[in-house]
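Chains, contacts and geometry: an overview
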Amino acid sequence: MVFLNGQFIPEKQAFVSICDRGFQLGDGIYEVIRCYQGRPFRLGDHIERLFQSAQAIRLELPYGRDELAGFVNRLIADVTWDYADIYIQVTRGGAPRVHEFPAQIHPTVLMYVSQGQAVSPITLEQGIEAIIIPDTRGTLCNIKSVNLLPNVLARQAAAEAGAGEALFEREGIGVVEGAASNIFAVRKGVLSTGPLSPYTLPGVTRDCVLQLAKAQGLPVELEFLSREELLTADEVFITSTSKEVLAVTILAGQMIGDGRPGPITLKLASDYRALIKRECGI
Ligand code: PDD
């Protein structure tokens with residue numbers, strides 16, 4: 001079953017107009033929430049970010065926070081997978097195509113659940129390879145919008161290079177984030193990640209990791225690092241809802257540290273797992 005505009009219906013009966021502005025203009029926002037044994041992790045944070053994104057694109061959501069959470073919970077009530085991903089997409093709606101906001105328009109709200117893929121133990125143990133590519137995006141990257149063309153092309157470039165992620169490098173700023181992840185580095189015992197800015201998504205996982213680092217008393221600096229600073233870091237890792245905390249052991253063809261996930265990455269990854277266990281019981 002999927003949720004579409006207030007109704008729970010079979011996926012095969014769920015249709016969206018060809019005039020939908022999400023389809024024609026990329027005029028929409030989304031969220032991805034991981035569920036562990038049927039329990040959504042940090043649902044409140046994801047719904048809050050959906051509201052932030054909606055406000056940033058001047059879209060009024062037709063449901064309140066609690067109502068949305070209720071729909072999500074109903075959608076996953078029968079899910080038996082250990083890992084499931086809830087996808088929420090809200091577009092400005094369907095109307096004859098003009099660029100400006102049409103006067104009479106109702107948002108399209110879609111939610112569905114799919115089976116989630118846990119990162120394999122071997123990948124966790126070895127880390128992944130990432131490439132670095134120029135950031136061709138604009139300055140609305142704090143909005144979780146469905147305008148994902150640069151991210152799609154970046155991930156495809158990574159896949160073609162045999163890598164697991166592509167990191168965006170922005171001229172004059174540094175390496176800001178991944179195609180679908182935030183970046184962290186450890187240098188001389190200090191954890192770094194970019195500050196909240198128009199160049200990155202305020203990741204829910206990033207926020208959890210910053211809280212876990214604080215709880216450990218780990219020194220943290222919120223700064224973008226250059227390509228050189230990342231390449232010479234002791235540890236590099238990415239964070240996202242689906243990848244959790246995952247080491248990058250080869251970056252732009254060079255080994256990071258000794259080429260294996262470092263101790264701080266592994267500790268934060270296991271603390272993150274423990275947090276999931278506390279909140280979702282798995
Ligand atoms: N992507 N940066 C970008 C550009 C992202 O697309 C994502 C998440 C993140 C990490 O955010 P979070 O920790 O809240 O998942 C950072 C999701 C998973 C996706 O598009 O599938």
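Everything below is about the structure shown above.
Residues numbered from 1 in each chain as written. Predicted model: local features only at pLDDT ≥ 70, side-chain atom pairs only at ≥ 80, totals over all residues. Heavy atoms only, no water.

Let's talk about empty space enclosed by the protein
By the definition in use, this model includes 3 cavities of 30 Å³ or more. Within this model, the largest cavity holds a volume of roughly 70 Å³. Along its surface, the largest cavity is lined by V175, V176, I183, F184, A185, S192, T193, G194, E223, F224, L225 and L230. For the lining of the largest cavity, the elements supplying multiple residues, two or more each, are β9 (174-178), β10 (182-187) and β11 (190-193). Broken down by element, the residue count for the lining of the largest cavity peaks at 3 residues, all from β10. Taken together, the residues that form the lining of the largest cavity break down as 8 nonpolar, 3 polar and 1 charged. (1 Å grid on protein atoms, 1.4 Å probe; cavity = no way out; pocket = protein on both sides within 12 Å on 5 of 7 lines; lining within 4 Å. Points joined across faces, edges and corners; volume = space filled by probe spheres on them. Helix = DSSP H or I, 4+ residues; strand = E, 2+ residues; numbered from the N terminus. Nonpolar A, V, L, I, M, F, W, Y, C, P; charged D, E, K, R; others polar.)

Focus: the layout of surface pockets
Considered as a void within the structure, the largest pocket measures approximately 1,000 Å³ in volume. Along the walls of the largest pocket sit 40 residues, with Y30, K144, S145, L148 and N151 positioned nearest its centre. Among the elements of the structure, β3 (28-36), α5 (149-160), β9, α6 (204-216) and β13 (235-240) are those that each provide at least two residues to the lining of the largest pocket. No other element matches α5, which puts 4 residues into the lining of the largest pocket.

Re the environment of D258
Structurally, D258 can be placed in the loop between β15 (254-255) and α8 (263-280). Within polar-contact distance, the side chain of D258 engages the backbone nitrogen of R260 at 3.0 Å. (Polar contact = N/O pair within 3.5 Å; in protein donor to acceptor, adjacent residues only side chain to side chain.)

A word on the pattern of salt bridges
Using the criterion set out here, one finds 17 salt bridges in the structure. One salt bridge in this structure joins E31 and R49, with 2.8 Å as the shortest N-O distance. Here the residue E31 occupies a position in strand β3, and R49 occupies one in helix α2 (residues 43-56), the gap between them amounting to 18 residues. Both residues of the pair, E31 and R49, belong to the buried class. Through salt bridges with shared partners, a single network forms among D135, R137, R170 and E177. (Salt bridge = Lys/Arg side-chain N within 4 Å of Asp/Glu carboxyl O. Buried < 20%, exposed > 50% of the residue type's maximum accessible area, 1.4 Å probe, protein only.)

Details of the site of the ligand
Within the structure, the ligand sits among 18 residues, and Y30, R49, E177, T205 and T241 are positioned closest to it. Between the ligand and Y30, the relevant distance is 2.8 Å, taken from an oxygen atom to a side-chain nitrogen or oxygen of the residue. Here the ligand loses 89% of its free accessible area of 470 Å² to cover by the protein chains. Judged by the proximity of its atoms to the pocket grid, the ligand belongs to the largest pocket. For the shell around the ligand, the secondary-structure elements that each account for two or more residues are β3, β9, α6 and β13. Class assignment of the residues belonging to the shell around the ligand gives a composition of 6 nonpolar, 9 polar and 3 charged. Three or more residues apiece are contributed to the shell around the ligand by two domains, here domain 1 (2-115) and domain 2 (121-280). (Near = heavy atom within 4 Å. Areas by Shrake-Rupley, 256 points an atom, 1.4 Å probe, with all protein chains shown as cover. Sits in = over half its atoms within 2 Å of the grid points. Domains from an automatic or database assignment.)

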